[in-house]
Amino acid sequence: MSATGSDDVAFIDRIHDEFLSAKDPQQLTNAYDKLTAEVYEKGLQSIKCQATESLAVIIRNHVTDDGANFLDVGAGTGLVAKELRKVGFRGEFDSIEPSEGLSAHAMKQNLYRRYYPEYITDTQQCSIRSESYDNITSAGAIVPGHIKYQAITELFRLVKTGGHVFICLRKDYLETEDFRGFPEFVDKLKTDGICEFKQIEIPVYYLDYTGLVFVFKKLR
């Protein structure tokens, strides 16, 4: 990726469309593996993506324990882990990321303690034991063509009672077919006493897109 400016934007638009149109998890993983990690990160930098930086600040405002541990869902190359360190977190971070290529880049930088090459789904539990983490974070993974929002229930299984699940995504994704029924899904979680919920807007996610961070606090 040698071009800059409008060429960079066109490149990101193309791979964005390819990722969102994946027909199954393996096709999606293959699409990520075709990218080098350097190109992946450079592309995000070129469009001034502020998602992970904004997410880390929001997490810092909700989690007071500097030693808290985190599971990073769809961790990619470890951009969230880098930002969490910048805002003062010193605990252990684990990654769950099916793309071996992206994970290898994070491994080179020693960003996570453990690396799980698995999928998070709404139909099957992953290999991690219940209530293993103080908090869970996910940036750009619970989005169309990737992890279904219904899999948030699996994240509740993995986080400790009293812990948080933070999910960052583009605001306009809520208007897609993939997020049909999401408000009712959240309302039921709250009504059943499973969690507290709020959403925080990120004015600049990347380019001219607005972002959101969903903040869930597990009650039981």
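Above this text you will find the structure in question.
Residues numbered from 1 in each chain as written. Predicted model: local features only at pLDDT ≥ 70, side-chain atom pairs only at ≥ 80, totals over all residues. Heavy atoms only, no water.

Undergrad: Explain the overall build of the protein chain to me, please; I cannot follow it from the model alone.
TA: Along its length, the protein chain carries 8 helices and 7 strands. For the protein chain, the proportion of its 220 residues judged to be buried stands at 48%. Residue pairs in contact within the protein chain that sit at least 24 positions apart in sequence constitute 70% of those at least 6 positions apart. Total accessible area on the protein chain stands at roughly 10700 Å², and carbon and sulfur atoms take up 49% of it. (Helix = DSSP H or I, 4+ residues; strand = E, 2+ residues; numbered from the N terminus. Buried < 20%, exposed > 50% of the residue type's maximum accessible area, 1.4 Å probe, protein only. Contact = heavy atoms within 4.5 Å. Areas by Shrake-Rupley, 256 points an atom, 1.4 Å probe, with all protein chains shown as cover.)

Undergrad: Explanation requested: the sheet that holds strand β7 (residues 209-218) in the structure shown.
TA: Hydrogen bonds between backbone groups are what pair the strands of a sheet, and the pairing can be parallel or antiparallel. Pairing is mixed across the open sheet formed by 7 strands, whose spatial order is β3-β2-β1-β4-β5-β7-β6. Pairing within the sheet leaves two strands with one partner each, and these edge strands are β3 (114-116) and β6 (195-206). Going from strand to strand, the sheet's axes swing by 15° on average, the running direction of each strand aside. As paired elements, β6 and β7 share 9 bridges and run antiparallel to each other. Following the sheet pairing, K198 is matched in β7 by V215. Where helix α4 (residues 51-62) meets the sheet, it contacts β1 (70-73), β4 (133-139), β5 (159-170), β6 and β7, and its direction lies at approximately 145° from that of β6. (Pairing = 2+ DSSP bridges. Axes fitted to C-alpha atoms, helices over the stretch in contact; angles between N-to-C directions.)

Undergrad: How should helix α5 (residues 79-86) be read in this particular structure?
TA: Each α-helix turn comprises 3.6 residues. Residues three or four places apart therefore point the same way. Along α5, the positions that sit buried rather than exposed are V80, A81, E83 and L84. Taken around the axis of α5, the buried residues stretch over an arc of 165°, which confines them to a single face. Contacts from the buried residues of α5 go to α4, β1, β2 (93-96) and β4. G88, located one to two residues past α5, shows a positive phi value of around 105°. (Arc of directions from axis to C-beta.)

These values are about where atoms sit, not about what they do.
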